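One-letter residues, chain by chain:
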Amino acid sequence: GGVVVADVRFHLASAVGDYVGALGDLYDVLAWSWDGTNWTEQLADASLNLLVDMSTFMESLQAMMGFAGPMMGASTDAMLQQPKRVLEHQLARVIDRQDPQAVGM
């Protein structure tokens, strides 16, 4: 009998990991690829990916924290909706106006 070696590859994904990755991708595009003047396809893709992943993350967080609402005496929906709206509004400004400076760069 010989020795059998198996190579198993797998990918773990989570809403938090996707959100952090999308945030990192946008930062990388702004810091390393953007020339400071023109809107690019890379900026558009990174901004849209961040918007989608942020929304998914916030929905997951809301679902995970749903049980804590009664203990905290406040609706977790209300606590999370305000930051979500602010982030969505800011990213919408970036995308609609094609203005990378709207993210603070």
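Quick look at the structure, then.

Conventions and cut-offs
- Residues numbered from 1 in each chain as written.
- Predicted model: local features only at pLDDT ≥ 70, side-chain atom pairs only at ≥ 80, totals over all residues.
- Heavy atoms only, no water.
- Helix = DSSP H or I, 4+ residues; strand = E, 2+ residues; numbered from the N terminus.
- Buried < 20%, exposed > 50% of the residue type's maximum accessible area, 1.4 Å probe, protein only.
- Contact = heavy atoms within 4.5 Å.
- Core = buried A, V, L, I, M, F, W, Y, C linked by side-chain atoms within 4.5 Å.
- Phe/Tyr/Trp six-rings, centres within 6.5 Å; stacked < 30°, edge-to-face > 60°.
- Patch = residues over 30% accessible without salt bridge, like charges linked within 9 Å, V, L, I, M, F, W, Y side chains within 5 Å.
- Areas by Shrake-Rupley, 256 points an atom, 1.4 Å probe, with all protein chains shown as cover.
- Salt bridge = Lys/Arg side-chain N within 4 Å of Asp/Glu carboxyl O.
- Expected span 1.5 Å × (residues − 1).
- Arc of directions from axis to C-beta.

**Some thoughts on the side chain of Ser 55**
- Looking at the element boundaries, Ser 55 is found in helix 2 (residues 41–65).
- Its relative accessible area of 17% is what places Ser 55 among the buried residues.
- Contacts of Ser 55, omitting those with residues within four sequence positions, involve Lys 84 and Glu 88.

**Considering the environment of Gln 81**
- Considering the arrangement of structural elements, one finds Gln 81 in helix 4 (residues 76–97).
- Overall, Gln 81 belongs to the partly exposed group, its relative accessible area being 23%.
- The spatial distance from the C-alpha of Gln 81 to the C-alpha of Glu 59 is 9.6 Å, given a sequence separation of 22 residues.

**Structural notes on the nonpolar core**
- Among the nonpolar cores identified, the biggest contains 19 residues, and Leu 26, Leu 43 and Leu 50 are the most heavily contacted of them.
- Elements represented by at least two residues in this core include exactly helix 1 (15–33), helix 2 and helix 4.
- In terms of residue count, the dominant contributor to this core is helix 2 (seven residues).

**Some details on the packing of aromatic side chains**
- Under the defined criterion, the tally for this structure stands at one aromatic pair.
- Plain terms: the ring middles of Tyr 19 and Phe 57 are 4.9 Å apart, the flat faces sit at 5 degrees to each other, and that makes the pair stacked. With Tyr 19 in helix 1 and Phe 57 in helix 2, this residue pair connects regions lying 38 residues apart in the sequence.

**Some remarks on a nonpolar patch on the surface**
- Together, Val 8, Phe 10 and Leu 12 give the surface a local cluster of nonpolar side chains, amounting to about 410 Å² of exposed area.
- With respect to the helices, strands and loops of the structure, Phe 10 is situated in the segment before helix 1.
- Looking at Phe 10, the relative accessible area reads 65%, which means it is exposed.

**Let's talk about helix 1**
- In this model, helix 1 (19 residues) spans 26 Å end to end at C-alpha, consistent with the 27 Å of a helix rising 1.5 Å per residue.
- Those residues of helix 1 that sit buried are Ala 15, Tyr 19, Ala 22, Leu 26, Val 29 and Leu 30. Buried residues of helix 1 fall within an arc of 95 degrees about the axis and therefore sit on the same side. Residues Val 20 and Trp 32 are exposed on helix 1 and point more than 90 degrees away from its buried face.

Read these as layout, nothing more, since geometry by itself doesn't imply function.
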